[in-house]
Amino acid sequence: MTTLISNTEHQDRDVHRVLLGKKQILVTEDEPLLPQLERAGIQVEYQCREGYCSSCMIKLLWGKVSYPIEPLAWVNSGYMLTCCAIVKSDIEIAML
Amino acid sequence: MSYSTFNRKKFDSLQEPMFFGENVNVARYDQQKHPIFEKLIEKQLSFFWRPEEVDLSNDRKDFLKLEEHEQHIFLSNLKYQTLLDSVQGRSPNVALLPIVSLPELETWIETWSFSETIHSRSYTHIIRNIVNDPTKVFDDIVVNDEIAKRAISVSKYYDDLIELVNLYNTLGLGVHHVPERGDVVVTMKTLKKALYLTIASVNVLEAIRFYVSFACSFAFAERTLMEGNAKIIKLIARDEALHLNGTQHMLNLMMSGRDDPEMAEIAQECQQDVINIFVEAAQQERDWAQYLFKDGSMIGLNAQILGQYVEYITNVRMQAIGLEPQFATKNNPIPWINAWLVSDNVQVAPQEAEISSYLVGQIDNDLDGADFDDFDL
Ligand code: FES
Ligand SMILES: [Fe+2]
Ligand SMILES: [Fe+2]
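The rules we used
- Residues numbered from 1 in each chain as written.
- Chains lettered and ligands numbered in written order.
- Predicted model: local features only at pLDDT ≥ 70, side-chain atom pairs only at ≥ 80, totals over all residues.
- Heavy atoms only, no water.
- Donors = N, O, S within 2.8 Å, 3.2 Å for Na, K, Ca; no water.
- Helix = DSSP H or I, 4+ residues; strand = E, 2+ residues; numbered from the N terminus.
- Buried < 20%, exposed > 50% of the residue type's maximum accessible area, 1.4 Å probe, protein only.
- Tetrahedral: all angles 85-135°; square planar, octahedral: opposite > 155°, others 65-115°.
- Contact = heavy atoms within 4.5 Å.
- Polar contact = N/O pair within 3.5 Å; in protein donor to acceptor, adjacent residues only side chain to side chain.
- Phe/Tyr/Trp six-rings, centres within 6.5 Å; stacked < 30°, edge-to-face > 60°.
- Salt bridge = Lys/Arg side-chain N within 4 Å of Asp/Glu carboxyl O.

Caption draft 1: The coordination of the iron ion (ligand 3), seen in detail. Residue and element names in this part refer to chain B. Within the first shell, the iron ion (ligand 3) binds the protein through E116 (OE), E206 (OE), E240 (OE), E240 (OE) and H243 (ND1), at distances of 1.9 to 2.6 Å. Mapping the donors of the iron ion (ligand 3) onto the primary sequence gives the spacing E-x89-E-x33-E-x2-H. The metal-metal distance between the iron ion (ligand 3) and the iron ion (ligand 2) is 3.4 Å, with E116 serving as a donor to both. Of this pair, E116 sits in helix α4 (residues 103-130) while E240 sits in helix α9 (residues 227-256), placing them 124 residues apart in sequence. Take E116 and E240: they sit in the same class, and that class is buried.

Dropping the structure here:
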């Protein structure tokens with residue numbers, strides 16, 4: 001589900017669709033998903049925003065995300081950490 | 001069987017399970033079976049703080065101005081937190097060190113417990129600063145019924161495990177007759193089961209039980225009251241987020257069978273017990289909220305909202321260890337709390353800036369290295 005990406009290929013401006021229920025949000029690869037969801041007015045749980053507390057974990061139903069730094073929190077397959085995951089394709093997510 | 005402080009056997013610690021394998025001999029960290037625990041140690045060390053760095057002189061003035069029922073809320077929460085950290089400052093050491101088998105996990109347990117002693121010291125710092133007679137507050141912790149109920153729930157699993165491990169280390173496996181207790185069955189299975197339930201109950205303690213108290217502290221601070229206290233609570237919350245990561249990893253590793261195949265079976269068998277531990281704790285925390293607000297609520301918070309928050313956070317914590325969320329509350333009823341819980345904006349007073357900014361700087365450097373520049377919040 002996750003692949004590490006090198007810093008050099010980090011600048012691409014690809015826009016991806018994030019499906020959440022009936023909503024669709026456009027996001028880029030420039031920053032993690034969490035701040036982009038927040039700007040779209042979607043309330044997502046968080047605490048550390050650094051990948052160690054697991055509070056921001058949501059379901060990743062399909063699609064690809066990657067973590068520039070391997071997070072400290074345990075992530076079960078089918079889930080993702082919004083605070084530190086970069087969206088790499090169109091994805092569908094679900095909250096609690 | 002019997003514990004040795006330096007196991008003379010030669011063995012490969014990378015092949016050991018987390019618990020109930022060989023006693024650890026060489027404290028080495030150049031290689032780890034589970035690197036996460038080494039990372040947690042490093043992170044916890046980078047979080048080091050001292051309560052005295054936080055100035056509480058305004059909190060004293062604020063406290064005197066609080067209404068009586070608000071003082072009750074504030075002090076009761078402090079007492080409860082004092083209880084929780086009293087337990088946490090010793091129990092991981094007492095219960096887990098005799099059975100741990102990996103050097104990195106052993107040191108994580110010690111580092112974790114040590115950070116709890118900082119929390120305990122911070123309560124003394126707070127209480128000393130806001131009341132004239134700290135003894136009155138501390139003495140009530142052992143006699144107050146509402147606190148006592150919680151003391152039983154948070155220490156029960158630890159105590160059961162410690163009893164079993166004591167028998168195991170002195171008498172070995174078997175059925176042992178203990179005076180006033182009857183026959184106690186000590187098998188690898190009963191030991192591992194007691195361990196699994198203990199870790200689950202510690203996860204609940206750190207990941208759920210603290211949060212009612214956190215919410216109240218931040219609700220005061222939202223009104224610019226007891227802000228020194230809120231700073232300390234932010235630092236504690238940051239530590240607790242690491243601690244819950246530790247127990248989540250232990251539970252998830254056990255469930256996966258990757259660490260010890262027998263543990264996966266036990267996790268399977270104990271699943272309902274663990275769900276019950278979460279659900280009962282949530283109920284106790286809702287009851288606690290009722291007790292806090294028995295003489296009146298505070299602006300922005302009441303027993304009902306806090307109860308919903310408890311349910312919500314319990315759902316979040318259950319999901320993190322692969323359990324089905326048990327409560328209907330799917331949204332955070334007090335989303336403002338996260339802006340306080342986030343470690344990023346731990347504001348420091350000028351006198352403490354030197355130490356803290358050094359630590360914060362280190363963390364930032366790590367992020368820069370990975371091209372996370374836009375991570376500014
Ligand atoms: S907010 Fe802590 S792991 Fe994402
Ligand atoms: Fe603590
Ligand atoms: Fe803790």
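After that view of the structure, there is still more to cover.
Caption draft 2: Summary view of the coordination of the iron ion (ligand 2). Donor atoms from the polypeptide that coordinate the iron ion (ligand 2) comprise D85 of chain B (OD), E116 of chain B (OE), H119 of chain B (ND1) and E240 of chain B (OE), at 2.0 to 2.2 Å from the metal. Taken together, the 4 donor atoms coordinating the iron ion (ligand 2) span angles of 87 to 156° at the metal, a pattern that classifies the geometry as irregular.

Caption draft 3: Geometry of the environment of I126 of chain B. Residue and element names in this part refer to chain B. By secondary structure assignment, the location of I126 is in helix α4. The exposure class of I126 is buried, given its relative accessible area of 1%. Setting aside its immediate chain neighbours within four residues, I126 contacts L56, F74, L78, N229 and I232.

Caption draft 4: Region of the structure containing the side chain of S217 of chain B. Residues and elements named next belong to chain B. With respect to the helices and strands, the residue S217 is situated in helix α8 (residues 211-222). Looking at S217, the relative accessible area reads 5%, which means it is buried. A polar contact of 3.1 Å, which involves the side chain of S217, links it to the side chain of N229. Excluding anything up to four places from it in sequence, S217 contacts N229, A230 and I233.

Caption draft 5: Fine view of the packing of aromatic side chains. Residue and element names in this part refer to chain B. Within this structure, the stated rule accounts for 11 aromatic pairs over all chains. Judged by centre distance (4.9 Å) and plane angle (70°), the ring pair of Y211 and F214 falls under edge-to-face. With Y211 and F214 both in helix α8 and 3 residues apart, this pair spans about one turn of that helix. Among the residues examined, F214 registers a relative accessible area of 0% and is labelled buried. An aromatic cluster is defined as three or more aromatic residues linked by ring pairs; in this entry it consists of F63, F74 and F220.

Caption draft 6: Just the pattern of salt bridges, in detail. Counting across every chain of the model gives 20 salt bridges over all chains. With a closest N to O distance of 2.5 Å, E50 of chain A and K43 of chain B form a salt bridge. Here E50 of chain A, found in the loop between α1 (33-39) and β3 (57-62), pairs with K43 of chain B, found in helix α1 (residues 35-46), and the two come from separate chains. Given the relative accessible area of 22%, E50 of chain A is considered partly exposed. By relative accessible area, K43 of chain B is classed as buried at 16%. Residues K192 of chain B and D260 of chain B are paired through a salt bridge, measuring 2.8 Å at the closest nitrogen-oxygen approach. In this pair, K192 of chain B sits in helix α7 (residues 188-209) while D260 of chain B sits in the loop between α9 and α10 (261-269), placing the two residues 68 residues apart along the sequence. For K192 of chain B, a relative accessible area of 6% translates into the label buried. Among the ionic contacts, a cluster of salt bridges with common partners joins E146, K149 and R150 of chain B.

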